[in-house]
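Breakdown of the fold
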Amino acid sequence: MSHMKKYLGAVMVGVAALSTTLVAAPAPSKWLSTVTVTDKGAHILGNPAAPNKVVEYLSYTCGHCADFEMKEAPAFKTRFVATGKASLEIRNMVLNPIDLTAAMLTRCGGKAKFFGNQRHLFATQATWAGNAKNISAATRDKLKTEDYAGFMIGAFDEIGLGPIMQQRGITPAQAKTCLANKAAFNAVIGMTEGGSALGVRGTPAFLVNGVLQDHIHNVAELQAAMK
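Described in the following lines is the structure provided in the data block. Everything numeric in this text was worked out from a predicted model, so none of it was measured.

**Some thoughts on the overall build of the chain**
When its secondary structure is counted, the chain shows 11 helices and 6 strands. For the chain, the residues scored as buried account for 41% of the 227 residues in total. Taking contacts inside the chain between residues at least 6 apart in sequence as the whole, the part at least 24 apart equals 75%. On the chain, roughly 11,800 Å² of surface is accessible, and the fraction owed to carbon and sulfur atoms is 60%.

Listed below in structure tokens is the structure:
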């Protein structure tokens, strides 16, 4: 009987250990919370020394960019960024003034909020981009005098970006301060001009280890371009 008790006791210890192993949550990857900002103002997620450096040029009013962000980017981050195999750098390719407004808002709240802001704006793209018809003539006229901050602040109110950014913990007053940030404006426009010089003609567009890729639509195609 004593041998049986010892045997059962050992089995139960083993089962308990196995149970603990099965239910324990994996440790979160530090790379998914590691964000650096380049001297050009681009945001990089992941291991700065990753063997694969992926750069995405995107527009916040681009439907294909939203699809990639919502459907493909999570798998890419899990399989490659979290493991340190690749970093993901986001550069702006501004296509229109509303896109510029969203690009400025992604930068609101500092680098730690950037990727969350981006995902939220893509997730709600149909709502705010669909309200472009609500932009008043007075707001549009600000573009004629190159009052871009004035346009963006007006558009922010008129297309309903206030409540959307509040969901990210950013008040309307904070958002409007971000929209008037000249350094951020120069960075966003500079990245757009740099992308055009590289030959970027549509979005999303990807550079993989410095090489501009054609027709990448999903993680599998992106992986094929990596080393």
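**As for the pattern of salt bridges**
Applying the stated criterion to the full structure yields 5 salt bridges. With a closest N to O distance of 4.0 Å, Asp67 and Lys71 form a salt bridge. Taken together, the positions of Asp67 and Lys71, both in helix H2 (residues 63-81) and 4 residues apart, correspond to about one turn of that helix. The class of Asp67 is partly exposed, set by a relative accessible area of 37%. Linking Glu89 and Arg91 is a salt bridge whose minimum nitrogen-to-oxygen distance equals 2.7 Å. Using a relative accessible area of 11% as the deciding quantity, one classes Glu89 as buried.

**Digging into the layout of surface pockets**
Any empty space left between the atoms is revealed when a probe the size of a water molecule rolls over them. The space that makes up the largest pocket amounts to roughly 360 Å³. Mapped onto the lining of the largest pocket, the elements with two or more residues apiece are H2 and strand S5 (205-208). Residue composition of the lining of the largest pocket, grouped by class: 7 nonpolar, 7 polar and 5 charged.

**With respect to unusual backbone geometry**
A cis amide bond links Thr203 to the next residue, Pro204, at an omega of -5°. Looking at the element boundaries, Pro204 is found in the loop between helix H10 (182-198) and S5. Phi is positive for Glu146, which is not a glycine, with a value near 60°. Phi is positive for His215, close to 60°, though the residue is something other than glycine. With respect to the secondary-structure elements, His215 resides in the loop between strand S6 (211-212) and helix H11 (219-225).

**Focus on the state of the cysteines**
In the structure shown here, the tally under the stated rule is 1 disulfide. Disulfide pairing places Cys108 opposite Cys178 at an S-S distance of 2.0 Å. A torsion of 75° about the S-S bond marks the disulfide between Cys108 and Cys178 as right-handed. On the criterion of sequence distance, the pair formed by Cys108 in the loop between helix H3 (97-106) and helix H4 (111-123) and Cys178 in helix H9 (residues 172-179) is long-range, its members being 70 residues apart.

**Things to note about the sheet that holds strand S2 (residues 43-45)**
Taken together, the 6 strands give an open sheet; going across it, the order is S1-S2-S4-S3-S5-S6, and neighbouring strands pair in mixed fashion. Only two strands of the sheet have a single neighbouring strand rather than two, namely strand S1 (35-37) and S6. Taken together, the 3 bridges between S1 and S2 define a ladder with antiparallel strand orientation. Considered in S2, the bridge of Val37 is made with His43. Against the sheet, H2 engages S2, strand S3 (52-58), strand S4 (86-92) and S5, with an angle of about 155° to S4. In the packing of H4 onto the sheet, the strands contacted are S1, S2, S3 and S4, and the crossing angle to S2 comes to about 90°.

Cut-offs applied
- Residues numbered from 1 in each chain as written.
- Predicted model: local features only at pLDDT ≥ 70, side-chain atom pairs only at ≥ 80, totals over all residues.
- Heavy atoms only, no water.
- Helix = DSSP H or I, 4+ residues; strand = E, 2+ residues; numbered from the N terminus.
- Buried < 20%, exposed > 50% of the residue type's maximum accessible area, 1.4 Å probe, protein only.
- Contact = heavy atoms within 4.5 Å.
- Areas by Shrake-Rupley, 256 points an atom, 1.4 Å probe, with all protein chains shown as cover.
- Salt bridge = Lys/Arg side-chain N within 4 Å of Asp/Glu carboxyl O.
- 1 Å grid on protein atoms, 1.4 Å probe; cavity = no way out; pocket = protein on both sides within 12 Å on 5 of 7 lines; lining within 4 Å.
- Points joined across faces, edges and corners; volume = space filled by probe spheres on them.
- Nonpolar A, V, L, I, M, F, W, Y, C, P; charged D, E, K, R; others polar.
- Disulfide = S-S within 2.5 Å.
- Pairing = 2+ DSSP bridges.
- Axes fitted to C-alpha atoms, helices over the stretch in contact; angles between N-to-C directions.

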